[in-house]
Amino acid sequence: MDIRVKICGLSEPEHVVAAAEAGAAYVGFVFFPKSPRNVEIDAARALALEVPVGVAKVALTVNADDAFLDELTRKVPLDMMQLHGGESPERVAAVRARYGLPVMKAVGIADESDLPAIDAYGAVADQLLIDAKPPRGADLPGGNGLAFDWRLVKRKYWPCPWMLAGGLTPENVAQAVQMTGARQVDVSSGVENAPGAKSAELIRAFVQAAQGDTAPVPVLK
Ligand SMILES: O=C(O)c1ccccc1NCC(=O)[C@H](O)[C@H](O)COP(=O)(O)O
């Protein structure tokens, strides 16, 4: 099955190479100092230069200001910006216009009351990342290894391309794809041995499982 995979929170060249060789379509770099996956801009530039043509380099920021994004986009060759904070639809549109890069907006889902944000952000973003809403008081707005109820996003109409995220693992990704109809998936914690410590083996297992290269999983009713 042609499922596009994003491996997020990469900080070591060997894992960038593992993701690309496994067939990931996107690699993500996190710019958020509180995260165990945070990378500095100069380190991200070096990582980005390891990424083969055809694999999209995504910069994940959280409520970043123009000064930071100016430096980031000047120094790191990027293919997409991922906004993972409380950025408003107006801010999403402004970032898109200022940097001329496609913007993916993260939308956190916990229950039905979160669903209208899909249409609000879908009207201004190039893509949506549909993720689990972080628990109240969490240190990180994403990358928490938490899944949400996938039945909430079994919808027929999507305003733009989207990616499923939140608590995905090599074990559950095939079922998540089957239940939601997602054509793109994103993972961070599920391919780590500890927070921030990616595993090349788990990256390969995740891409294979997402693309249906393992035994089918039973459908949950
Ligand atoms: O991964 C982080 O540390 C992070 C920090 C701040 C904002 C967002 C962050 N990650 C967002 C991602 O794109 C994750 O891949 C997504 O939330 C799924 O994470 P996980 O449930 O750990 O697979």
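The name that an unreviewed UniProt entry assigns to the protein chain is N-(5'-phosphoribosyl)anthranilate isomerase, with the source organism given as Shimia abyssi. Turning to the protein chain, the UniProt annotation filed under Catalytic activity (unreviewed entry) states: "N-(5-phospho-beta-D-ribosyl)anthranilate = 1-(2-carboxyphenylamino)-1-deoxy-D-ribulose 5-phosphate". Taken from UniProt, the Pathway (unreviewed entry) comment for the protein chain reads in full: "Amino-acid biosynthesis; L-tryptophan biosynthesis; L-tryptophan from chorismate: step 3/5."

This part is about the overall build of the protein chain. In terms of helices and strands, the protein chain carries 7 helices and 10 strands. Over its C-alpha trace the protein chain gives a radius of gyration of 16 Å, about what one expects of a compact globule, namely 17 Å for 221 residues. Out of the 221 residues belonging to the protein chain, those deemed buried represent 41%. Sequence-distant contacts, at least 24 apart, represent 57% of the contacts inside the protein chain between residues at least 6 apart.

Look at Asn63: it is not a glycine, yet its phi comes out positive at around 50 degrees. The residue Asn63 is located in the loop between strand S3 (56–61) and helix H3 (66–75) in this model. On the basis of neighbour count, Asn63 is assigned to the partly exposed category, with 13 C-beta atoms found within 10 Å.

Before going further, it helps to spend a moment on the site of the ligand. In the vicinity of the ligand lie 27 residues, with Cys8, Ser35, Gly142, Gly143 and Ser189 positioned nearest. Counting residues per element, the ones that place at least two in the shell around the ligand are strand S2 (26–31) and strand S8 (184–187). When the residues that make up the shell around the ligand are grouped by side-chain class, the tally is 11 nonpolar, 13 polar and 3 charged.

At their nearest, the axes of helix H6 (residues 173–180) and helix H7 (residues 200–210) sit 8 Å apart, and the two run at 30 degrees to each other. Here H7 runs roughly parallel to H6, going by the angle between their axes. For H6 against H7, the interelement crossing comes out right-handed. The segment H6 lies against H7, with Val173, Ala174 and Val177 engaging Phe206, Ala209 and Ala210. Tallied by class, residues from the contact of H6 with H7 come to 6 nonpolar, no polar and no charged.

Interaxial distance between helix H1 (residues 13–22) and H7 falls to 9 Å at its minimum, and their mutual angle equals 20 degrees. In terms of axis orientation, H1 runs roughly parallel to H7. Relative to H7, H1 is oriented so that their crossing is right-handed. Facing H1, whose interface residues are Glu14, His15, Ala18, Ala19 and Ala22, H7 presents Ala200, Ile203, Arg204 and Val207. Among the residues making up the contact of H1 with H7, the classes are represented as 6 nonpolar, 1 polar and 2 charged.

Moving on to the UniProt feature "domain: N-(5'phosphoribosyl) anthranilate isomerase (PRAI)" (unreviewed entry) in the protein chain. Sequence positions flagged by UniProt for "domain: N-(5'phosphoribosyl) anthranilate isomerase (PRAI)" (unreviewed entry) are, in local numbering, residues 5–209. Taken end to end, residues 5–209 comprises 31% helix and 21% strand; its first and last C-alpha atoms sit 10 Å apart.

What counts, and where the lines are drawn
- Residues numbered from 1 in each chain as written.
- Predicted model: local features only at pLDDT ≥ 70, side-chain atom pairs only at ≥ 80, totals over all residues.
- UniProt positions renumbered as here; feature names shortened; annotations may be inferred.
- Helix = DSSP H or I, 4+ residues; strand = E, 2+ residues; numbered from the N terminus.
- Rg over C-alpha atoms; globule rule 2.2 N^0.38 Å.
- Buried ≥ 20, exposed ≤ 12 C-beta atoms within 10 Å, placed from the backbone.
- Contact = placed C-beta atoms within 7 Å.
- Near = placed C-beta within 6 Å.
- Nonpolar A, V, L, I, M, F, W, Y, C, P; charged D, E, K, R; others polar.
- Axes fitted to C-alpha atoms, helices over the stretch in contact; angles between N-to-C directions.
- Parallel < 35°, antiparallel > 145°, perpendicular 65-115°, else oblique.
- Left-handed = near helix turned anticlockwise from the far one by under 90°.

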